[in-house]
Amino acid sequence: MPEVINQFDAIVIGGGVIGCSIAWRLAQAGMQVAVLERGKVGCEASYAAGGMLAPLAEANAADGFFHLAVASRAMYADFARELKAASGIDIEYRTEGTLYLSLTEEDDEELDRRWQWQHEAGLNVKRLNAECVRKLEPLANEKLRWALKFPDDHQVNNRRLIEALHAAARNAGAHFFPHTEAHQILSEHRAGQRYITGVAHARGNAVAPTVVVAAGCWTGKLLFDGSSTLIPVRPIRGQMIAIEMPATGLNHVIYSRRGYLIPRLGGFVIAGSTTENVGYDKRVTAQGMAAVINKAVEIAPQLQEQAIVETWAGLRPFGLDQWPVIGADPKVNGLLYATAHYRNGILLTPATAKAVSELVLTGNSSINLSPFAPGRFGLEPPIG
């Protein structure tokens, strides 16, 4: 007989920042929550991320995704304070802002477009000449032409964030089952409708009327009563490197069109990143490292003289349209999704946790999730 891991009110599949934050909110509300994680908690995309909270620096239009990203960013100051109180861990929420450098004529065109639509929309974006930028960041490339500054685009230490969320959820009463890979989402027919009953996993079954799929790029490997869940999410590898901080130091997150630098309080700079469609291969490659280093040195040439502290790669969960899948399944009662956050899982953690926990607890969300609805692909799980 399969092992049954007790009866829970909700099961969260996935122990990254999204899964842990949802589990925390549900446990805070008094629910008995189980988190099933295929490996170690928080050691996949959440651990490999950069921690940038930069919707303006990366946005091309004020669309539905942009509004969700800005709303989530606005939650972070309070979110960081609450997390520290709940876990005792400081997630190093930093508010110096983000710089986006123009280093070539082609960069000028891109930054001009970004400046124009954001300035016209009344967003908080500043246009700085080269002299102003060098006063802020003396290590910036001498070829610097000008830059945009986004004062409200911030950062957190993503590894401390997942550690804090894990601790806060445990302290609130959530139960974690690492090295317990979910295989099938289980359901049954009642009165002409389909209802969730639990999850079959590597060590048996877990029973619950609510399942939240927060499995990142492994979402597409889950089965629904023996069939694919049909929410297509694939892995996109990103290779990154940590470089020793130069004596002069860096203060802001700094973008170019080709790469970015993230200063950390621990005395190093994170540089990223590649974007590679190579399946579930997490290897760090010489080609990938060379590309990341070249992008980093283009932004701040002095980095080429610094020691390499760490290299790593992670798998970002990429959906069909690059937007996350967040919300209740349209055909299966008790099945919810919080997946496919791609490059924005850290940024979208507070909003996703709020929205999904509200759906579970009340059936409604105060955040507009219609652009991210699971049924938008027309690929819902079968109910027959």
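Refer to the preceding data block for the structure.
As the structure is a computational prediction, the values presented were derived from the model and not from experiment. (Residues numbered from 1 in each chain as written. Predicted model: local features only at pLDDT ≥ 70, side-chain atom pairs only at ≥ 80, totals over all residues. Heavy atoms only, no water.)

Enquirer: Provide a residue-level description of the layout of surface pockets, including the pertinent values.
Expert: Of the volumes computed, that of the largest pocket is approximately 730 Å³. Elements with a contribution of two residues or more to the lining of the largest pocket: α3 (55-58), α4 (64-74) and α6 (105-120). Here the lining of the largest pocket gets 3 residues from one element, more than from any other, and that element is α3. Counted by class, the lining of the largest pocket contains 13 nonpolar, 8 polar and 8 charged residues. (1 Å grid on protein atoms, 1.4 Å probe; cavity = no way out; pocket = protein on both sides within 12 Å on 5 of 7 lines; lining within 4 Å. Points joined across faces, edges and corners; volume = space filled by probe spheres on them. Helix = DSSP H or I, 4+ residues; strand = E, 2+ residues; numbered from the N terminus. Nonpolar A, V, L, I, M, F, W, Y, C, P; charged D, E, K, R; others polar.)

Enquirer: Tell me what's going on with the side chain of His154, and back it up with residues and numbers.
Expert: Structurally, His154 is set in strand β8 (residues 154-155). Polar side-chain contacts of His154 include one of 2.8 Å to the side chain of Tyr93. In this view, His154 contacts Met52, Leu53, Tyr93, Arg94, Thr95 and Gly97; residues no more than four positions away in its chain are not counted. (Polar contact = N/O pair within 3.5 Å; in protein donor to acceptor, adjacent residues only side chain to side chain. Contact = heavy atoms within 4.5 Å.)

Enquirer: Mind laying out the sheet that holds strand β20 (residues 308-319), listing which residues take part and the relevant values?
Expert: Taken together, 8 strands build an open sheet; the order of strands is β6-β7-β5-β17-β18-β19-β16-β20 and the sheet is mixed. What marks the edges here is a single partner per strand, and that holds for β6 (126-129) and β20. Each strand of the sheet is rotated relative to its neighbour by a mean of 25°, with strand direction disregarded. Inspection of the sheet shows strand β18 (residues 260-264) paired to strand β19 (residues 268-272) by 5 bridges, in the antiparallel sense. Within the sheet, the bridge partner assigned to Pro263 lies in β19 and is Val269. Against the sheet, helix α9 (residues 286-299) makes contact with β5 (98-102), β16 (233-244), β17 (253-255), β18, β19 and β20, and its axis sits at roughly 55° relative to β16, the strand it touches most. (Pairing = 2+ DSSP bridges. Axes fitted to C-alpha atoms, helices over the stretch in contact; angles between N-to-C directions.)

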